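Analysis of the macromolecular model
Read off the chains here:
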Amino acid sequence: MKKDSFYVTTPIYYVNDKPHIGHAYTTMLADMLARSHRLLGHDTWFLTGTDEHGQKVQEAADKRGVPPQEHVDTMVKRFEELWERLEITHDDFIRTTETRHTKIVQEILQDLYDRGEIYQAEYDGLYDVRSETFITEKDLPEGFSAENLPDHVKVIQETNYFFKMSKYQEWLISYIEENPEFIQPDFRRNETLGFLRKDLSDLCISRPKSRLSWGIELPFDDEYVTYVWFDALVNYISAVGYRSDDEMFARRWPAQVQLIGKDILTTHTVYWPTMLKAMGVAMPQTIFAHGWWLSGKDKMSKSTGNVVNPLEYAERFGVDALRYFLVAEMSLGQDASFTEEVFIKRYNSDLANDLGNLTSRVLKMVHTHCDSKVPVASALPAEGTPEADLWNHVQTAVSEMSRQVENMRPDLGVAAVMTAIREANKYIGVRAPWKQAKDENLQPLYETLYVSMEALRVCAALLYPVMPAKMMALRTQIGAGVDEPNVDDLKVFGKLVEGASLEEGEGLFPRHQKPKAAPQPKPSKKAANVVTVEEIAIEDFFKAQLKTAKVLEAVAVEGADKLLTLQLDVGGEQRQIIAGIAKHYTPEQVIGKMIIIVTNLKPAVIRGVESRGMLLAASKGKKLTLVTVDAEDFPSGAKVG
RNA sequence: GGCGGUGUAGCUCAGUGGCAGAGCAGAGGAAUCAUAAUCCUUUUGUCGGGGGUUCAACUCCCUCCACCGCCA
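Right, let's walk through the structure included here. (Residues numbered from 1 in each chain as written. Chains lettered and ligands numbered in written order. Predicted model: local features only at pLDDT ≥ 70, side-chain atom pairs only at ≥ 80, totals over all residues. Heavy atoms only, no water.)

**A few points about the nonpolar core**
With 104 residues, the main nonpolar core has Trp293 and Phe338 as its most contacted residues. No other element matches the 13 residues that helix H17 (residues 443-463) contributes to this core. Counting residues in each nonpolar core, the second largest holds 57 residues, with Ile108, Phe220, Trp253 and Tyr271 among its members. (Core = buried A, V, L, I, M, F, W, Y, C linked by side-chain atoms within 4.5 Å. Buried < 20%, exposed > 50% of the residue type's maximum accessible area, 1.4 Å probe, protein only. Helix = DSSP H or I, 4+ residues; strand = E, 2+ residues; numbered from the N terminus.)

In structure tokens form, the structure reads like this:
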């Protein structure tokens, strides 16, 4: 193991996606890890980038009427700009359309082909256009069959190229079992082993150009391009000199940490290791799958509109506060909840009350009583004094932070620093410098303030990887200089130069008020939801035609555990709708109810059954109740609004 | 349906075969340097239910319930 070298990667993001909190989180986390290792003096390399090939890019480019390359050149800027805004310090940004990447992908393919690791075979079966993957009948959505395919699945018969992934199955199982740190957290490791219990098939790594032309051409057959995942995964090594710069490759690879979201586990823990094995390249030390940010308790999704926009928080509270929240709030690996209420609570208690206020009270006294200069103090007092106790707490934070970064629990590292900061607040209470300031002998006051500033200095260095700009501002305010902190900063007492002049600075973390009832009266306090709800005009509302409807019949949709098919009477007209309420209502419970439906919704086929309309229901978390009509014997077909 | 996980204070979560914990929230008090911030004290627990092993179980075993993940 190369001890002092640290190479961290994020997935390369699909260039067509709109950057969201998930992208921001992974990248920010990698940045925090990279900055932490730089702080510890390790030879650090941080790679991120974009995945730019594939069907969706081609389609989007066609739609805009521009060549795919021009399209991705435009799209990639959104990621580059976001990383700049979020203070991301990647050392390299790789794009899969760059020659340095495509050339290596082709070399790898040729090599594997020459060595018989890739072979040609007939494929006869189903292909999912949307995910660009081959599927079996079992993979079809419920309600569909080989005779009744969804639009995005086609029957194809064609020749393709396959990578002999299956022959590495036994090896991979042993490798994962023998290297517990290879896949983390351990429950993801178990999942991968579970996946590997059934037979692994070979991986189709080609797509005929007739269907998809926007990709890397196979070097041994110009009728085909490379399957996107085979192309994309290679970025982790093509960017650090594989087959192009042996010295750099030896220095960087294997990566210490490859961060991924839990949604791309299999590609990274099955495809990627077997590819590396076939190439004869070493495995990365750790593939770490983190969880997702939830909006309250619900999954964020575009359709419900409860997506947190990282930039909005960066604007309102500052980039560093956002970075702090993301690191401090998520137990790495688990899912975590992102709400405005929790964000403000955490911001106020940790950043404003503890750290910000500590800085403010110390510096105010320094400016008032020490002529805006770093006070003159003696060496650190002996063990047993409050000063030594405080310094010990700070040193505990130092060791905890590096230990927890190593353990992939940066949230616990940050928590250790907050403990030290609370100790500093207690220390000030013990020494009561406002009383010391009234004594004739001001030396004790100077000692108190100096020790407090030293504690702040180290804590600022520890939190620098999380909040670079704010912690630099803090360091400047206490006279720690304008250079980035380094290892010396962490362990040595007395780095602040006595007598150095200090400038008064802005408050670091102004307190935020809890979200109050907005000036515009809102219908309800949806404190648990960070969605900003767009206001609509009355005519928008009336675009949806709502009517009462009586439930005549209800039956469960076969093969779907959430759906009921309802036959409704809407003012004499009979209508069929599919409703996702089977987990909350039995068919018997809904028959006879007078519900409210949207009648002019575009008809949809759900699980092979037509649905003409949508019913209204109130839901919160896992609870759900139908919206019904208050009056008994109210006629169906009545307009609602 | 198969495999795995989780269940601890109002909330988020630590934790260990030997006296149930932290942060936030709540209550009371001190202090007045500071961003209405800080500090001290403090309430609440069938440790998901039931059974078993043990001198001793929140911890180990069995079982049931609830929720979650992966696979099907």
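**What about the sheet that holds strand S4 (residues 118-128)?**
Taken in spatial order, the four strands make up an open sheet running S5-S4-S6-S8, and their pairing is antiparallel. Of all strands in the sheet, those with a lone pairing partner are strand S5 (133-135) and strand S8 (203-204), marking the two edges. (Pairing = 2+ DSSP bridges.)

**Considering the pattern of salt bridges**
A complete count under the given rule lists 31 salt bridges for this structure. Of the charged contacts in the structure, one is a salt bridge between Glu329 and Arg346, with a shortest N-O distance of 2.7 Å. Taken together, the residues span a long stretch of sequence, with Glu329 in helix H12 (residues 319-329) and Arg346 in helix H13 (residues 340-369) at a distance of 17 residues. A residue is classified by how much of its surface remains accessible, and Arg346, at 25% relative accessible area, is partly exposed. Three or more residues are tied together by salt bridges with common partners; here these are Lys103, Glu107, Asp111, Arg115 and Arg243. (Salt bridge = Lys/Arg side-chain N within 4 Å of Asp/Glu carboxyl O.)

**Topic: the sheet that holds strand S3 (residues 92-95)**
Pairing within the open sheet is parallel, and its six strands lie in the order S3-S2-S1-S12-S13-S7. A strand with exactly one partner marks an edge of an open sheet, and here the two such strands are S3 and strand S7 (183-184). Where strand S1 (residues 5-14) and strand S2 (residues 43-51) come together, eight bridges link them in parallel fashion. Counterpart to Ile12 in the pairing with S2 is Gly49.

**As for unusual backbone geometry**
Residue Pro185 follows Gln184 across a cis peptide bond; omega there is -5°. Examined against the element boundaries, Pro185 turns out to sit in the loop between S7 and helix H6 (186-195). Along the chain, Trp253 connects to Pro254 via a cis peptide bond; the corresponding omega equals 5°. Within the fold, Pro254 resides in the loop between helix H9 (246-252) and strand S12 (257-261).

**Section: the state of the cysteines**
This model, assessed by the stated rule, comprises zero disulfides. Not part of a disulfide, Cys370 finds its nearest cysteine sulfur in Cys459, a span of 20 Å. Classification of Cys370 by relative accessible area gives buried; the value is 9%. (Disulfide = S-S within 2.5 Å.)

**Observations regarding the environment of Ala397**
Looking at where Ala397 falls in the secondary structure, it is placed in helix H14 (residues 386-406). The exposure class of Ala397 is buried, given its relative accessible area of 1%. On a C-alpha basis, the gap between Ala397 and Ala420 in space is 6.4 Å, while along the polypeptide they are 23 residues apart. Filtering out sequence-adjacent residues up to four positions away, Ala397 remains in contact with Ala416, Val417, Ala420 and Leu462. (Contact = heavy atoms within 4.5 Å.)

**Considerations on the packing of H14 against helix H15 (residues 410-431)**
At a minimum axis separation of 8 Å, H14 and H15 run at an interaxial angle of 170°. When the axis of H14 is compared with that of H15, the two are roughly antiparallel. Counting all contacts with H14, which are made through Pro386, Glu387, Leu390, His393, Val394, Ala397, Glu400, Met401 and Gln404, the residues of H15 involved are Pro410, Leu412, Gly413, Val414, Ala416, Val417, Ala420, Glu423, Ala424, Tyr427, Val430 and Arg431. Grouping the amino acids of the contact of H14 with H15 by side-chain chemistry returns 14 nonpolar, three polar and four charged. (Axes fitted to C-alpha atoms, helices over the stretch in contact; angles between N-to-C directions. Parallel < 35°, antiparallel > 145°, perpendicular 65-115°, else oblique. Nonpolar A, V, L, I, M, F, W, Y, C, P; charged D, E, K, R; others polar.)

**Looking at the side chain of Thr286**
As for its placement among the helices and strands, Thr286 is situated in strand S13 (residues 286-290). For Thr286, a relative accessible area of 5% corresponds to the buried category. At 3.5 Å, the side chain of Thr286 and the side chain of Gln184 are in polar contact. In this view, Thr286 contacts Glu181, Phe182, Gln184, Ala255, Gln256, Val257 and Gln258; residues no more than four positions away in its chain are not counted. (Polar contact = N/O pair within 3.5 Å; in protein donor to acceptor, adjacent residues only side chain to side chain.)

**Observations regarding H12**
For H12, the buried fraction is high: 10 of the 11 residues fall into the buried class. Buried within H12 we find Val319, Asp320, Ala321, Leu322, Arg323, Tyr324, Phe325, Leu326, Val327 and Ala328.

**Digging into the environment of Gly65**
Following the sequence through the fold, Gly65 ends up in the loop between helix H2 (55-64) and helix H3 (68-85). For Gly65, a relative accessible area of 62% corresponds to the exposed category. Measuring from C-alpha to C-alpha, the distance between Gly65 and Phe338 comes to 38 Å, with 273 residues separating the pair along the chain.

**A few points about the packing of aromatic side chains**
All chains considered together, the criterion is met by 31 aromatic pairs. Ring geometry for Tyr313 versus Phe343: centroids 4.9 Å apart, planes at 55°, classification tilted. With Tyr313 in helix H11 (residues 310-317) and Phe343 in helix H13, this residue pair connects regions lying 30 residues apart in the sequence. Since its relative accessible area comes to 2%, Phe343 is described here as buried. Taken together, the ring pairs connect Tyr25, Trp293, Tyr313, Phe317, Phe325, Phe338, Phe343, Tyr347 and Phe509 into an aromatic cluster. Sitting over the face of the ring of Tyr127, Arg211 holds its NZ or CZ atom 3.8 Å from the ring centroid. A cation sits over an aromatic face here: Arg316 above Tyr313, 5.9 Å from the ring centre. (Phe/Tyr/Trp six-rings, centres within 6.5 Å; stacked < 30°, edge-to-face > 60°. Lys NZ or Arg CZ within 6 Å of the ring centre and 35° of its normal.)

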